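# Structure at a glance
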Amino acid sequence: IPASADRLRWLTGFTGSAGLAIVLGERAAVFTDGRYQLQVRAEVDAARFEIRHSIEEPAEAWLAAALRPGDRIGFDPWLHAEEALAPLRRAVEGAGAALVPVEPNPVDELWTDRPAPPASQVVPHPAVFSGEDSAAKRARIGEAVAKAGAAAAVLTAPESIAWLLNIRGDDVPYNPVALAFAILRADGQVSLFLDPARIDPQTRAHLGNGVAIEPRAALAPALDRLAAARAAVLVDPRTAPVWFAERLRAAGARVLSEPDPVALPK
């Protein structure tokens, strides 16, 4: 992940690739799997954080035991997929507490020297390497979206967007992707949400007329328009931030919880 998103490291000191922290008023815990049990104990202050094995002592069990009726537990809806959030929600509600989305992330409010978010230039990935131009891919995946009964699909995985649009970026170390979100419609048209300044004329021409470049601020209104049209929208519950499904449902859209339609063709 980019340095600006490494909240777990800033908060706890843990530098492994997989982990979760829960902070209550008087207790806190860090959860990670068997790969990191030595590392987490070397990096995290055990006087401040209880250290737990995420498989043997899952976060939902810890929460269920720690909570009291009426407690409210915040989560960042941009950092949790709906499927992964479900066991935490069941544990919290089973304890008589509530799981509530919180924006902005409180870590971001405290992280005064947080690095700037990545903003690499987006570059074309030529068909000589991809083997298929983006228009053909978009039309093919759009047909699959229509067959699933949806008018559009939300794409949140950077690698899916990179493959579908034949673009590359340098936002994440060791991964040739640009961090962005996209909406793919059943007719193959795509709205790509990222800073338009990152798209130079060459890449703009490469993307073609079937791809609209919009700033991140335009994402929520675009979802609201889909909802206003009573459209069914495909959202992957395993990979998409839960913010998308909740925003669409609140606006009246029908959310189809289906896998990312780009993943298998990719």
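Preceding this section is the structure that the text describes.
The present account deals with the structure reproduced in this document. Not measured: the values here are computed from a predicted model. (Residues numbered from 1 in each chain as written. Predicted model: local features only at pLDDT ≥ 70, side-chain atom pairs only at ≥ 80, totals over all residues. Heavy atoms only, no water.)

### Some points on the overall build of the protein chain
To keep it simple, the criterion reads: Each helix is a run of H or I in the DSSP string that is no shorter than four residues. Each strand is a run of E no shorter than two, and both are numbered from the N terminus. Both definitions apply: the radius of gyration is a C-alpha atom measure, and the globule rule equals 2.2 Å times residues to the power 0.38. Whether two residues are in contact is decided by their heavy atoms: any pair within 4.5 Å suffices. Accessible areas in this description were obtained via Shrake-Rupley with a 1.4 Å probe; residue shielding takes into account the shown protein chains only. All tallies of charge rest on Lys and Arg as positive and Asp and Glu as negative; His and the ends of each chain are not included. The location of each charge is read from NZ of Lys, CZ of Arg, CG of Asp or CD of Glu.
Each helix and strand in the protein chain was counted, giving eleven helices and 13 strands. Relative to the globule expectation of 18 Å for 266 residues, the C-alpha radius of gyration of the protein chain, 20 Å, shows essentially globular dimensions. If one aligns the C-alpha atoms of the protein chain with their principal axes, the spans along those axes are about 55 × 40 × 30 Å. Pairs at least 24 residues apart make up 61% of the contacts formed inside the protein chain by residues separated by at least 6 positions. For the protein chain, the exposed surface amounts to about 13500 Å²; the carbon and sulfur share of it is 54%. Looking at charge distribution, the protein chain has the averaged site of its 28 positive side-chain charges lying 3 Å from that of its 33 negative ones.

### A short note on the packing of aromatic side chains
Threshold: Ring pairs shown here join Phe, Tyr and Trp side chains whose ring centres sit within 6.5 Å, with only the six-membered ring taken for Trp; geometry is labelled stacked below 30 degrees between planes, edge-to-face above 60, and tilted in between. Think of it in three bands: with a 1.4 Å probe and only protein chains considered, a residue is buried below 20% of the maximum accessible area for its type, exposed above 50%, and partly exposed in between. Working rule: Lys NZ or Arg CZ, within 6 Å of ring centre, within 35 degrees of ring normal, means a charge sits over the ring.
Scanning all chains against the criterion turns up eight aromatic pairs. Taking 6.0 Å as the distance between ring centres and 80° as the angle between the ring planes, the aromatic pair formed by Phe31 and Trp62 counts as edge-to-face. Separated by 31 residues along the polypeptide, Phe31 in strand β2 (residues 28-32) and Trp62 in helix α3 (residues 59-66) bring together distant segments of the chain. Given the relative accessible area of 2%, Phe31 is considered buried. The ring of Trp163 has Lys137 lying over it, and the distance from NZ or CZ to the ring centre is 4.1 Å. Seen from the ring of Trp78, Arg216 lies directly overhead, with NZ or CZ sitting 4.6 Å from the centre.

### Let's talk about a nonpolar patch on the surface
Put simply, the rule is: Exposure above 30% relative accessible area and the lack of any salt bridge qualify a residue for a patch; like charges then connect within 9 Å, and the nonpolar side chains Val, Leu, Ile, Met, Phe, Trp and Tyr within 5 Å. Each reported salt bridge corresponds to a side-chain nitrogen of Lys or Arg within 4 Å of a carboxyl oxygen of Asp or Glu.
A cluster of nonpolar residues, Trp10, Leu11, Val23 and Leu110, forms a patch on the protein surface that exposes about 370 Å² of accessible area. Tracing the backbone through its elements, the reader meets Trp10 in helix α1 (residues 7-12). On the basis of relative accessible area, Trp10 is assigned to the partly exposed category, the value being 35%.

### Quick notes on the nonpolar core
Here is the rule we go by: By nonpolar core we mean a set of buried residues, namely Ala, Val, Leu, Ile, Met, Phe, Trp, Tyr and Cys, connected to one another through side-chain atoms within 4.5 Å.
Counting 26 residues, the largest nonpolar core has Leu164, Leu165 and Leu192 as the members making the most contacts within it. Broken down by secondary-structure element, the contributors of at least two residues to this core are α7 (134-147), β7 (152-155), α8 (158-165), β9 (181-185), β10 (190-193), β11 (211-214) and β12 (232-235). In terms of nonpolar packing, the next biggest core, distinct from the first, is built from 22 residues, Ala152, Ala231, Ala245 and Leu248 among them.

### What to know about the pattern of salt bridges
According to the stated counting rule, one finds 14 salt bridges in the structure shown. For the salt bridge of Arg114 with Asp108, the shortest nitrogen-to-oxygen distance reads 3.4 Å. Given the relative accessible area of 19%, Asp108 is considered buried. Linking Asp171 and Arg198 is a salt bridge whose minimum nitrogen-to-oxygen distance equals 2.6 Å. Of this pair, Asp171 sits in the loop between β8 (167-168) and β9 while Arg198 sits in the loop between β10 and α9 (201-207), and the two are 27 residues apart along the sequence. What makes Asp171 buried here is its relative accessible area of 4%. Given the relative accessible area of 7%, Arg198 is considered buried. It is possible to trace a salt-bridge network through shared partners that takes in Arg27, Glu50, Arg52 and Glu57.

The values reported here are purely geometric and, on their own, carry no functional implication.
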